[in-house]
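# Structural overview
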Amino acid sequence: MTWCALLVGDQVTGILSLQDVDQENAFGEPVVRLLQTLAASMGVALENARLWEQESLYRKALEREFEIGRDIQAGFLPDTLPQPKGW
């Protein structure tokens, strides 16, 4: 069995495992390097997806705050403009 950790920084977020049930140590160095490359790429992709989701949630919350601010500001304005005599 050959395995590699999926890392985000120094934190393990998963394991990528390659097994041959018929033969122990069936995979050579090129296959192990490929597995390590795949694990590194998958770790980066998973972290990017997590960050994208986090940013999306932040943008939605920020937009809601702007919407509340616009409603509050609109509440300060009169429904009609005053028309002073002589103007």
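Structure: see above.
Scope of this entry: the structure provided in the associated data block.

Time to look at the overall build of the chain. Check the secondary structure of the chain and you find one helix and two strands. The helix and strand sequence of the chain, counted from the amino end, reads β-β-α. At 28 Å, the chain has a C-alpha radius of gyration far larger than the 12 Å of a compact globule built from 87 residues. Across its three principal axes, the chain shows a C-alpha extent of roughly 100 × 20 × 20 Å. Counting all 87 residues of the chain, 11% fall into the buried class. By sequence separation, contacts in the chain at least 24 residues apart represent 35% of the contacts at least 6 residues apart. Carbon and sulfur atoms make up 59% of the accessible area of the chain, which amounts to about 7,700 Å² in all. Averaging the locations of the 7 positively and 13 negatively charged side chains of the chain gives two centres separated by 15 Å.

Time to look at a nonpolar patch on the surface. A cluster of nonpolar side chains, namely Met 1, Trp 3, Leu 7, Val 12 and Ile 15, defines an oily patch on the protein surface of about 540 Å² accessible area. Elements that contribute at least two residues to the nonpolar patch include exactly β1 (2-8) and β2 (11-18). With respect to the helices and strands, Val 12 occurs in strand β2.

Let us now look at the pairing of β1. Strand direction decides the pairing type here: β1 and β2, joined by seven bridges, are antiparallel. Looking across to β2, one finds that Leu 6 is bridged to Gly 14. A loop of two residues connects β1 with β2, the two strands running antiparallel in sequence, and Gly 9 in this loop sits at a positive phi of about 65 degrees.

Right, let's get into the packing of aromatic side chains. Enumeration over the complete set of coordinates arrives at zero aromatic pairs. The positively charged end of Arg 59 is found above the aromatic ring belonging to Trp 52, 5.3 Å away from the centroid.

Calculation notes
- Numbering of residues starts from 1 in each chain and follows the order in which that chain's sequence is written.
- This being a predicted model, a pLDDT of at least 70 is required before a residue's local features are given, and a value of 80 or more before pairs of side-chain atoms are given or counted; all residues contribute to the totals for chains, interfaces and linings.
- As a rule here, side-chain values come from all non-hydrogen atoms in the structure, and water together with hydrogens is ignored.
- Here a strand is any run of E in DSSP of at least two residues, a helix any run of H or I of at least four, and the numbering for each starts at the N terminus.
- Two things to know: the radius of gyration comes from C-alpha atoms, and the globule rule equals 2.2 Å times the number of residues to the power 0.38.
- A simple rule labels every residue: compare its accessible area, found with a 1.4 Å probe on the protein chains alone, to the largest value its type can have, and call it buried under 20%, exposed over 50%, or partly exposed in between.
- By the convention used here, residues are in contact when the closest approach between their heavy atoms is within 4.5 Å.
- Accessibility throughout is a Shrake-Rupley quantity obtained with a 1.4 Å probe, and a residue counts as covered only by protein chains that appear here.
- As used throughout, the charge tally considers Lys and Arg to be positive and Asp and Glu to be negative, leaving His and the chain termini uncounted.
- Note on charges: their place is set at NZ of Lys, CZ of Arg, CG of Asp or CD of Glu.
- Each patch is built from residues lacking any salt bridge and having more than 30% relative accessible area; the joining distance is 9 Å for like charges and 5 Å for nonpolar side chains (Val, Leu, Ile, Met, Phe, Trp, Tyr).
- Salt bridge, as applied in this entry: a Lys or Arg side-chain nitrogen positioned within 4 Å of an Asp or Glu carboxyl oxygen.
- Strand pairing follows a simple DSSP-based rule, namely that at least 2 bridges must link the two strands.
- Working definition: rings of Phe, Tyr and Trp (its six-membered ring) pair if their centres are within 6.5 Å, and the pair is stacked with planes under 30 degrees apart, edge-to-face with planes over 60 apart, and tilted otherwise.
- Should the NZ of a Lys or the CZ of an Arg lie within 6 Å of a ring centre and within 35 degrees of the ring normal, that charge is described as sitting over the ring.

From the geometry alone we can't say anything about function, so treat these as descriptive.
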